[in-house]
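Spelled out from the first residue to the last, the chains are:
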Amino acid sequence: MNFADSYRQSITDPQTYWANEAKLIDWHAPFSTVLDDSNPPFTKWFVGGKTNLCHNAVDRWVATQGDQPALIAVSSETEDGQLHEKIYTFAELQAEIERTAAIMLSLGVAKGDRVLIYMPMIAEAIFAMLACARIGAIHSVVFGGFASNSLATRIDDAKPALIVSADAGSRNGKAIAYKPLLDEAIKLARHKPAHVLLVDRRLVPMTMIAGRDADYAALRRQYIDAQVPITWLDSNDTSYILYTSGTTGKPKGVQRDVGGYAVALASSMKHIFCGKPGETYFATSDIGWVVGHSYIVYGPLIAGMATVMYEGLPIRPDAGVWWSIVEKYKVTRMFSAPTAVRVLKKQPPEYMKKHDTSSLKALYLAGEPLDETTSQWIASALGVPIIDNYWQTETGWPILSIAKGIEDKPTRLGSPGVPMAGYKVKILNESTGAVCGANEKGVVVLEGPLPPGCMQTIYGDDDRFVKTYWSNFSNEQVYSTFDWGIRDADGYYFILGRTDDVINVAGHRLGTREIEESISSHPNVSEVAVVGIEDKMKGQVAVAFVIPKNADAAATPESRRALEAEVMAIVDKQLGAVARPSRVHFVTLLPKTRSGKLLRRSIQAICEGRDPGDLTTIEDPMSLEQIRAALAG
Ligand code: AMP
């Protein structure tokens, strides 16, 4: 079947299409209904079916390829920067998961309980995720780069029975203590987890809290021979929650199911990523992001592939480190982000040639717009197709791409491609809701029902799910991606950035409101506006404009520098360095409408040297001059 026919079937006859795809995974009990769409926008897939993500990722491969590599954990975060590697076969991975699952059960974790995982990129993090899946606990992985306040909000929302963490992460060979941030977060949070399980990497000393904190290594020894059977789950049970930033300061817990997610991943691994059992897959993301969930942990393993988990920078010990991994483990499919490629492009070109990368068949890039220069550079350096793919935490797998596993359709520079199975993509005019013509800019929306694997709801808040995503157009109920886009005459889509206050820094999604709230907690900040502005390396960076309470505090260049450093430090402490603005400018007025709404789009336009747009509602045009002056100064 060619792609057009296959896609058409997924839209006109989703029951048949997805029933076929569902054969890619194991079911403990068959489903009775493929799709229940009786209560839109809530969708249920594979109703009545029983399955398990851990079984499909690990156990089912043990019989046929138990002695083959499943997890290849590589770290360059060692003292000398030399690679430390540890390989777990499917059988060994299963044993580690059973040990971790037994520990969780011994700590009272039951099916449906939440387990928050705040971990560096170490194998134990994957054991913990898969152990949750095994026993039906709901994991919520929080990116290790986030700090106490971010963590505290997520603890209060997810109310975990257990938190799994470690003494420290490491960046560029320097330890970054996690435990004090975690202790501070638990202090800040209203919800107190009963237990904290800690992996001691011996990077920094840890103070254990008696009765609450447990040592992973000691418990692992105790449960070394543990056998923990799979808990069979309903297809629509919840597998995990993953928090993501939105328009408000409060992160949204994207909640996903079990069966739909497993089928979507198996299907995307086959048709988009073309992975085969026995091959090696390498995604350079972090388990704290959705790419890590779908394409470091679950996707490759569900496809019977070995997955590489890499802790470290792309340029340590040198800029050839990723290609050395590709060579050594004969990686066939690799997944990264445009920012990482731009970092490598700045390095001496010989690093691209030092290693034999001939095993590689394609490089997939996602997370932010892929510019033509970056795409062409890496394509010629590697000599393989570069496959852009566009999706979100909410969808869990690509909305737009090129399904090379079905048909070798050409890619088009600057475009992530065409809609994947089951995604009914449309471009709507922002104000009228009318469907845009070819090459006309509008909001990218998806018509329901969304395909398997997409979010079920916002954890604990069905109303917010409906209001946030499905209520942006009065004429029809469609899912808004909050991205601008266009569709060309041939049906290829182009993504043109966010319509909301979300920014994308080096492929990391951050809410400007969250950063503003953090900055506002500084005692000398009266008002603040944070916008994302274009950056050659990172795609976007956050820039803050602050009105100080006491103008004297920003009267001289020295005092401005000192206050800027303090503002940055507060963001580092509360949210993590990942959210730190690249610059903090000081003004006495911010551009607002007469009703007091911040004109963020105008500020952003001025920062990027563009026209600030429609200013008929602006309260005081002088405020724009202040932005210009602050940037010039
Ligand atoms: P996240 O949920 O963190 O994965 O961020 C999703 C957002 O990243 C999307 O809504 C887009 O704004 C952006 N994004 C992801 N992939 C692409 C891509 N291939 N091209 C352009 N933008 C992308």
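See the structure shown above.
Structure report, in brief. As the structure is a computational prediction, the values presented were derived from the model and not from experiment.

Looking at the site of the ligand
Here comes step 1: Taken together, 14 residues surround the ligand, and among them Asp388, Thr393, Asp483, Arg498 and Arg509 come closest.
Here comes step 2: One nitrogen or oxygen atom from the main chain of Glu368 is found 3.4 Å from a nitrogen atom belonging to the ligand.
Here comes step 3: Within the side chain of Asp483, an N or O atom sits 2.5 Å from an oxygen atom of the ligand.
Here comes step 4: Out of a free accessible area of 490 Å², the ligand has 93% covered by protein chains.
Here comes step 5: Across the shell around the ligand, the residue classes break down as 4 nonpolar, 5 polar and 5 charged.

Some details on the packing of aromatic side chains
Here comes step 1: Inspection of every chain in the model, using the stated rule, returns 31 aromatic pairs.
Here comes step 2: Seen from their ring centres, Trp18 and Trp397 are 6.1 Å apart, and the 80° between their planes marks the pair as edge-to-face. Of the two residues, Trp18 sits in helix 2 (residues 14-21) while Trp397 sits in the loop between strand 20 (386-388) and strand 21 (400-401), which places them 379 residues apart along the sequence. We note that Trp18, like Trp397, is buried.
Here comes step 3: Aromatic pair Trp470 and Tyr479: ring centres 5.8 Å apart, planes at 65°, arrangement edge-to-face.
Here comes step 4: Exposure remark for Tyr479: the relative accessible area of 1% places this residue in the buried category.
Here comes step 5: An aromatic cluster is defined as three or more aromatic residues linked by ring pairs; in this entry it consists of Tyr17, Trp18, Trp27, Phe31, Trp45, Phe46, Trp397 and Tyr423.
Here comes step 6: The aromatic ring of Phe146 is capped on one face by Arg154, whose charged end is 4.8 Å from the ring centroid.
Here comes step 7: The ring of Tyr492 has Arg412 sitting right over it, with the charged end atom 4.2 Å from the ring centre.

A few points about the environment of Val525
Here comes step 1: Take Val525: it is sitting in strand 30 (residues 525-535).
Here comes step 2: For the pair Val525 and Thr307, spaced 218 residues apart in the sequence, the C-alpha separation amounts to 46 Å.
Here comes step 3: Once you skip the residues sitting within four places of it in the chain, Val525 turns out to touch Ile519, Ser520, Val546, Ile547, Lys549 and Val567.

Regarding the packing of helix 3 (residues 53-65) against helix 5 (residues 123-135)
Here comes step 1: Axis separation between helix 3 and helix 5 bottoms out at 7 Å; the angle between their running directions is 115°. Between helix 3 and helix 5 lies a crossing whose hand is left-handed. Seen from helix 3, the contacting residues are Leu53, Cys54, Ala57, Val58 and Asp59; seen from helix 5, they are Leu130, Ala133 and Arg134.
Here comes step 2: Counted by class, the contact of helix 3 with helix 5 contains 6 nonpolar, no polar and 2 charged residues.

Thoughts on the side chain of Arg60
Here comes step 1: Along the chain, Arg60 turns up in helix 3.
Here comes step 2: Salt bridges are absent for the buried Arg60, whose nearest opposite-charge side chain, Asp26, sits at 4.1 Å.
Here comes step 3: Here the side chain of Arg60 touches Asn56 through a polar contact of 3.1 Å, landing on its backbone oxygen.
Here comes step 4: Residues within four places of Arg60 in sequence aside, it is in contact with Leu24, Ile25, Asp26, His55 and Ile302.

Some remarks on the packing of helix 9 (residues 259-271) against helix 10 (residues 290-302)
Here comes step 1: Where helix 9 meets helix 10, the axes come as close as 9 Å, and the angle between the chain directions of the two elements is 80°. Overall, the two elements helix 9 and helix 10 adopt an arrangement that is roughly perpendicular. Of the residues in helix 10, those in contact with Tyr261, Ala262, Leu265, Ala266, Ser268 and Met269 of helix 9 are His293, Ser294, Tyr295, Tyr298, Gly299, Pro300 and Ile302.
Here comes step 2: Among the residues forming the contact of helix 9 with helix 10, the class breakdown is 9 nonpolar, 4 polar and no charged.

A closer look at the nonpolar core
Here comes step 1: With 120 residues, the main nonpolar core has Leu93, Met104, Leu130, Tyr295, Tyr298 and Phe335 as its most contacted residues.
Here comes step 2: For this core, the leading source of residues is helix 5, giving 11 residues.
Here comes step 3: Counting 41 residues, the second largest nonpolar core, distinct from the first, contains Leu510, Val525, Ala544 and Leu563.

Some remarks on the sheet that holds strand 27 (residues 493-498)
Here comes step 1: Ordered by their spatial adjacency, 4 strands build an open sheet running 23-24-26-27, and the pairing between neighbours is antiparallel. Because the sheet does not close on itself, it has two edges, and the strands there are strand 23 (424-428) and strand 27. Strand-to-strand twist across the sheet, computed as the mean angle between neighbouring axes with direction ignored, equals 45°.
Here comes step 2: With 4 bridges joining them, strand 26 (residues 478-487) and strand 27 adopt antiparallel strand pairing. Along strand 27, the bridge assignment pairs Arg487 with Tyr493.
Here comes step 3: Contacts between helix 15 (residues 462-470) and the sheet are confined to strand 24 (442-447) and strand 26, with strand 26 contributing the most and set at about 20° to the helix.

Structural notes on the sheet that holds strand 4 (residues 69-75)
Here comes step 1: With respect to topology, 7 strands assemble into an open sheet ordered 5-4-17-16-18-19-20, the strand pairing being mixed. Among the strands making up the open sheet, the edge pair consists of strand 5 (84-89) and strand 20. Neighbour-to-neighbour, the strand axes of the sheet open up by a mean angle of 20°, direction not taken into account.
Here comes step 2: In the sheet, strand 19 (residues 362-365) pairs with strand 20 via 3 bridges, with the strands oriented parallel.

Cut-off values and rules
- Residues numbered from 1 in each chain as written.
- Predicted model: local features only at pLDDT ≥ 70, side-chain atom pairs only at ≥ 80, totals over all residues.
- Heavy atoms only, no water.
- Near = heavy atom within 4 Å.
- Polar contact = N/O pair within 3.5 Å; in protein donor to acceptor, adjacent residues only side chain to side chain.
- Areas by Shrake-Rupley, 256 points an atom, 1.4 Å probe, with all protein chains shown as cover.
- Nonpolar A, V, L, I, M, F, W, Y, C, P; charged D, E, K, R; others polar.
- Phe/Tyr/Trp six-rings, centres within 6.5 Å; stacked < 30°, edge-to-face > 60°.
- Helix = DSSP H or I, 4+ residues; strand = E, 2+ residues; numbered from the N terminus.
- Buried < 20%, exposed > 50% of the residue type's maximum accessible area, 1.4 Å probe, protein only.
- Lys NZ or Arg CZ within 6 Å of the ring centre and 35° of its normal.
- Contact = heavy atoms within 4.5 Å.
- Axes fitted to C-alpha atoms, helices over the stretch in contact; angles between N-to-C directions.
- Left-handed = near helix turned anticlockwise from the far one by under 90°.
- Lys, Arg positive; Asp, Glu negative; His and termini not counted.
- Salt bridge = Lys/Arg side-chain N within 4 Å of Asp/Glu carboxyl O.
- Parallel < 35°, antiparallel > 145°, perpendicular 65-115°, else oblique.
- Core = buried A, V, L, I, M, F, W, Y, C linked by side-chain atoms within 4.5 Å.
- Pairing = 2+ DSSP bridges.

By themselves these figures say nothing about function.
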